Amino acid sequence: MQRTTLAAVNGGETGSFLASYFGLYYYAQTPTNHRGGYMTAKRILIVGGVAGGGACAARARRLCETCEIVMFERGAFVSFANCGLPYFIGDVIVEEEKLLVATPQLFRDRFRIEVCTETEVLRIDRDRKTIAVRDLQSGKERDEPYDALVLSTGARAVRPAIPGIDLPGIYVLRTIPDSRDIRRVVANASRAVVIGAGYLGLELAENLVRRGLAVTVVEASDQVMPTLDREMAAFVAKHLEANGLDLRLNCRVERFTEAAEGGVIASLSSGEDLPVDSAMICVGVRPETTLAEHAGLTLGRLGGIRVDEFMQTSDPAIWAVGDVVEVRNVVTDEWQLVPLAGPANRQGRLAAAGIVGAAKSGCGYRGVQGTSVCQVFDLTIAATGVSEKGLKAAGIDDYEKVYLHPGNHVGYYPGAKPIHIKLLYDTTDGAILGAQALGEAGVARRIDVISMALQMGGTVYDLEEAELCYAPQFGATKDPVNLAGMIAANHLRGDHPLAKWEELVDAHAQVVDDQSEAARLLSLILRDPAAEAQIVDVRSATEFEAKHIPGAKNIPLEQLRERLSELSSEREIWVVCGVGLRAYNATRILLQYGFKVKNLSGGMQTYDSIEETPSNKA
Ligand code: FAD
């Protein structure tokens, strides 16, 4: 039976397709393989119609004109830009329609994909290969048969068990209706608390500030942005405070109570009661695995669905993509949950290929690097690969790190801004393990380059030799990416010994108490900085006067060769400057004169970031 024709498909008619959806299968003129299609007439059902689900549906159609594709979405919208929601709240995106990347109509007209919004999938019957769905408008339930089922059910926001968390005025942000609610309350609010200082909490906090609210961010751990290492997160914290955010680290909301004058009171672990008009809960997400669990699909230790490289679950007729799955980390090879839009989209494409038989060996999912970027106020924060704490947690200890703070472009061209970079690499072969960068300009581009190198199994020698765009307004003849590679490669070749701040501490380590690592480190440096090493600060006298490490000796680089006699050749010399460049030159001079010398990686910039970690001020 021919329900529709390719002419009708191309002409944009929807009637016959809709007829096919209501029980009659869709047999078009069958495209043949030589036309690039896949000859299968599978009925593909997709649960979840946003990032992974939408991508999977569209890709499946591009690969297969003869498949019937139906997408079920519990909410009223499909393919909406959840990443844009904080900016909708902040009035950066003003029209709500702009958040709709695709509509059900577009899916029907352009792709002949049937979309059932406000339809919840209740159960999977794997034996019968059916799903039970409920139309949330009418309350009616029906069964839908499938040949292939895709779960792109995403994640749900964690609502911690804080007494009073269900009071009015307390929100999570996942959907367009959530953002409407928050916009409504924000219009008449003057004070809010955001719980959680991950990227979503900070984006939301920034947008609330943009709307004129006084915002307190409460974070249980001792740093913002948990994907970053602490000393990098310290830059972010400083920037947040400079922009008027009230940041409380090492602090928890212990309960919410209704305020007599409206709003809620957030009682903090510090003992303070914070009266606010509204509270935003941004403490993370958990994979939405209810359907998968009840259907008996294999889940991993982290609670996500386990899939193979083409996103096939333990049931060969069911695929899963996006926030709901566990994925392998490319560096540590450990299973991980990485709720990001890019991976969800790419996984959706791969599942589609797997379903229609277009999966090519060697072209499956490569694993996740956690490449991410976010902006808070003027600061862009980006990362790829594994952080130092992630390496430690995975038991990887043959790594090294460099810090650098180059400009985003040459200094002589107006408007150069520093980029603070931390690069982690394997000391055995120089393989790139991870990178973090912060700054006002050019940050994402650098992390993207390093991310690609990491995915290709690249090394610091590859970064050293990378041929990157250069003109004065874009970069430098030695791009920050090249510089990171050069510093690391010089170090591995033995041309440029590096000291880490914590090495300095290790030489003196006597105190381990319950302070944060950064605070402990700083106190040790300040207590006895020069007991083992001679710290030589090679900046100018003026810079030295403005701020220096206690106990450091100032020998400006220009005077170093004349003042070598002031240095002991018995004790190791630790050279420091502003960002590490002058200290690198000093290291090379001193090495050639036979001194034992190391460059304190990242210079005073890194020292500042440790010293100014907000938790250290407590
Ligand atoms: P989702 O896109 O969440 O879609 C899952 C859908 O499944 C939901 O709409 C849900 O209603 C539906 N569903 C679940 N169960 C059922 C059921 N039983 N029946 C029917 N429907 C069901 N990522 C980035 O990379 N960069 C960002 O800047 C970024 N910003 C974000 C900002 C916000 C506010 C949010 C909420 C997320 C952000 N993310 C960002 C994360 C990104 O949006 C997700 O990683 C991505 O959307 C995951 O895609 P998914 O298909 O797995 O799930």
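Throughout, residues of each chain are indexed from 1 in the direction in which the sequence is written. Thresholds applied to this predicted model are a pLDDT of at least 70 for local features of residues and 80 or more for the giving and counting of side-chain atom pairs; totals over whole chains, interfaces and linings are not thresholded and use all residues. Derived side-chain values reflect all non-hydrogen atoms in the structure, with water molecules and hydrogen atoms excluded from consideration.

**Side note on the overall build of the chain**
Then comes step 1: Only DSSP runs of H or I with at least four residues qualify as helices, and only runs of E with at least two residues qualify as strands; both kinds are numbered from the N terminus onward. When you go through the chain residue by residue, the secondary structure sums to 20 helices and 30 strands.
Then comes step 2: When accessible area is computed with a 1.4 Å probe and restricted to protein chains, residues below 20% of their type maximum are described as buried, those above 50% as exposed, and intermediate ones as partly exposed. Here the chain holds 618 residues, and 53% of them are scored as buried.
Then comes step 3: Considering only contacts within the chain whose residues lie at least 6 apart along the sequence, 64% involve residues at least 24 apart.
Then comes step 4: With an accessible surface of roughly 26,200 Å², the chain has 49% of that area assigned to carbon and sulfur atoms. Any two residues whose heavy atoms approach within 4.5 Å are treated as being in contact. To be clear on the numbers: accessible area is Shrake-Rupley with a 1.4 Å probe, and residue cover counts the displayed protein chains and nothing else.

**What to know about the site of the ligand**
Then comes step 1: Near residues are defined by distance, with any heavy atom within 4 Å of the molecule or strand qualifying the residue. Lining the immediate environment of the ligand, one finds 30 residues, of which Gly52, Glu73, Ser152, Asp323 and Ala341 sit closest.
Then comes step 2: Contact between the ligand and Gly52: an oxygen atom at 2.8 Å from a main-chain N or O atom of the residue.
Then comes step 3: A distance of 3.0 Å is found between a nitrogen atom of the ligand and a backbone nitrogen or oxygen belonging to Arg74.
Then comes step 4: Within the residue set of the shell around the ligand, elements represented by two or more residues are α3 (51–63), β4 (119–125), α7 (199–210) and α10 (341–356).
Then comes step 5: Residue polarity follows a fixed list, in which Ala, Val, Leu, Ile, Met, Phe, Trp, Tyr, Cys and Pro are nonpolar, Asp, Glu, Lys and Arg are charged, and the others, Gly among them, are polar. In terms of residue class, the shell around the ligand is made up of 16 nonpolar, 9 polar and 5 charged. The term polar contact refers here to a pair of N or O atoms within 3.5 Å; inside protein, the definition further demands a hydrogen-donor-capable atom paired with an acceptor-capable atom, and it admits residues adjacent in sequence only when both atoms are side-chain atoms.

**Regarding the nonpolar core**
Then comes step 1: We call a set of buried residues a nonpolar core when its members are Ala, Val, Leu, Ile, Met, Phe, Trp, Tyr or Cys and they connect through side-chain atoms within 4.5 Å of each other. The biggest cluster of nonpolar side chains holds 58 residues, and the ones touching the most others in it are Ile44, Ile124, Ile131, Leu149, Leu151 and Met311.
Then comes step 2: In this structure, Leu85, Leu213, Ala383 and Leu438 belong to the second largest nonpolar core, which totals 46 residues.

**What about the layout of surface pockets?**
Then comes step 1: Here the term cavity refers to a set of points on a 1 Å grid, laid over the protein atoms alone, in which a 1.4 Å probe fits but cannot get out; the term pocket refers to an open set having protein on both sides within 12 Å along at least five of seven lines, with lining residues being those that place an atom within 4 Å of a point. Grid points are joined across faces, edges and corners, and a volume is the space filled by probe spheres set on the points. Roughly 390 Å³ of internal volume is contained in the second largest pocket.
Then comes step 2: If you trace the second largest pocket, you find 19 residues lining it, with Leu404, Leu483, Ile487, Gly580 and Leu581 closest to the centre.
Then comes step 3: Among the elements of the structure, β23 (399–404), α14 (480–493) and α18 (581–592) are those that each provide at least two residues to the lining of the second largest pocket.
Then comes step 4: Counting residues per element, the lining of the second largest pocket draws most heavily on α14, which supplies 4 residues.

**Quick word on the sheet that holds strand β15 (residues 273–276)**
Then comes step 1: Strands qualify as paired when DSSP identifies two bridges or more between them. Taking strand neighbours across the sheet as the criterion, the 3 strands line up as β13-β14-β15 in an open arrangement whose pairing is antiparallel. The two strands at the open ends of the sheet, each matched to only one other strand, are β13 (253–258) and β15. With strand direction ignored, the average angle separating the axes of adjacent strands in the sheet is 25°.
Then comes step 2: Strand direction decides the pairing type here: strand β14 (residues 264–268) and β15, joined by 4 bridges, are antiparallel. Opposite Ile265, over in β15, you have Pro275 as the bridge partner. Lines fitted to C-alpha atoms define the axes here, with helix axes fitted over just the stretch in contact, and angles between the N-to-C directions of these axes take values from 0 to 180 degrees.

**Observations concerning empty space enclosed by the protein**
Over the atoms rolls a probe the size of a water molecule, and its path tells where empty space is left.
Then comes step 1: Taken as a whole, this structure holds 1 cavity of 30 Å³ or more when the rule is applied.
Then comes step 2: By volume, the largest cavity is sized at about 40 Å³.
Then comes step 3: What lines the largest cavity is simply Gly322, Asp323, Val325, Val327, Val338, Leu340, Pro343, Ala344, Gln347 and Val368.
Then comes step 4: By residue class, the composition of the lining of the largest cavity is 7 nonpolar, 2 polar and 1 charged.

**A word on the pattern of salt bridges**
Then comes step 1: By convention in these notes, a salt bridge is any Lys or Arg side-chain nitrogen within 4 Å of a carboxyl oxygen on Asp or Glu. Inspection of the entire model under this criterion finds 38 salt bridges.
Then comes step 2: A salt bridge links Arg108 to Glu114, with the shortest nitrogen-to-oxygen separation between them at 3.2 Å. The burial state of Arg108 is the same as that of Glu114; both residues are buried.
Then comes step 3: Measuring nitrogen to oxygen at the nearest pair gives 2.8 Å for the salt bridge that ties Arg539 to Asp537.
Then comes step 4: Classification of Arg539 as buried rests on a relative accessible area of 6%.

**Some details on the packing of aromatic side chains**
Then comes step 1: Stacked, tilted and edge-to-face are the three classes applied to pairs of Phe, Tyr and Trp rings, where Trp contributes its six-membered ring and a pair requires centres within 6.5 Å; stacked means planes under 30 degrees apart, edge-to-face means over 60, and tilted covers the rest. With the rule as written, the count across this model stands at 1 aromatic pair.
Then comes step 2: Each ring, one from Phe107 and one from Phe111, has its centre 6.1 Å from the other, and the planes form 45°; the classification is tilted. In this pair, Phe107 and Phe111 are both assigned in helix α5 (residues 104–111), 4 residues apart and thus about one turn of the helix distant.
Then comes step 3: For Phe107, a relative accessible area of 3% gives the class buried.
Then comes step 4: Sitting above the plane of the Phe88 ring, Arg183 keeps its charged end 4.3 Å from the centroid. Lysine NZ or arginine CZ positioned within 6 Å of the ring centre and within 35 degrees of the ring normal marks a charge as sitting over the ring.

**Points about the side chain of Asn554**
Then comes step 1: Of note, Asn554 is situated in strand β28 (residues 553–554).
Then comes step 2: Apart from residues no more than four positions distant in its own chain, Asn554 is found in contact with Asp537, Arg539, Ser540, Ala541, Phe544 and Arg563.

**Observations concerning α3**
Then comes step 1: Look at α3: 18 Å from first C-alpha to last across 13 residues, which is about the 18 Å you get at 1.5 Å a residue.
Then comes step 2: In terms of burial, α3 is a largely internal element, 10 of the 13 residues being buried.
Then comes step 3: Every buried residue of α3 is listed here: Gly52, Gly53, Gly54, Ala55, Cys56, Ala57, Ala58, Ala60, Arg61 and Leu63. Residue count minus one, scaled by 1.5 Å, sets the expected span of a helix.

**Topic: the confidence of the model for the chain**
Then comes step 1: Residue-level confidence of the predictor is summarised by pLDDT, bounded by 0 at the bottom and 100 at the top. Of the residues in the chain, 87% have a pLDDT of 70 or more, and the chain-wide mean is 89.
Then comes step 2: Counted against residues more than four places away or in other chains, residues 507–515, with its pLDDT under 50, gives 13 contacts.

**Structural notes on the sheet that holds strand β27 (residues 534–537)**
Then comes step 1: The strand order across the open sheet formed by 5 strands is β26-β30-β29-β27-β28, and the pairing between neighbours is parallel. At either end of the open sheet lies a strand with only one pairing partner, and these are β26 (498–499) and β28.
Then comes step 2: Across 2 bridges, the pairing between β26 and strand β30 (residues 597–600) is parallel. By the bridge assignment, Ala499 is partnered in β30 with Leu600.

**Brief notes about the pairing of strand β22 (residues 379–385)**
Then comes step 1: The buried count for β22 comes to 7 of 7 residues, which makes it a mostly enclosed element.
Then comes step 2: Bridging between strand β21 (residues 372–376) and β22 involves 5 bridges; their strand directions are antiparallel. Its bridge partner lying in β22, Ser372 is registered against Ala383.
Then comes step 3: Adjacent in sequence and paired antiparallel, β21 and β22 are bridged by 2 residues, among which Phe377 carries a positive phi angle near 55°.
Then comes step 4: Pairing of β22 with strand β25 (residues 432–439), which is carried by 6 bridges, proceeds in the antiparallel orientation. The partner of Ile381 across the bridge, within β25, is Leu438.

**Concerning α18**
Then comes step 1: Over its 12 residues, α18 extends 17 Å from the first C-alpha to the last, a length consistent with the 16 Å expected when each residue adds 1.5 Å.
Then comes step 2: Of the positions making up α18, those classed as buried are Ala583, Ala586, Thr587, Ile589 and Leu590. Taken around the axis of α18, the buried residues stretch over an arc of 165°, which confines them to a single face. Exposed residues pointing more than 90 degrees away from the buried face of α18 are listed as Leu581 and Gln592.
Then comes step 3: Positive backbone phi, approximately 90°, marks Gly594, located one or two places after α18. Within this analysis, the arc is defined by the directions that extend from the helix axis to the C-beta atoms.

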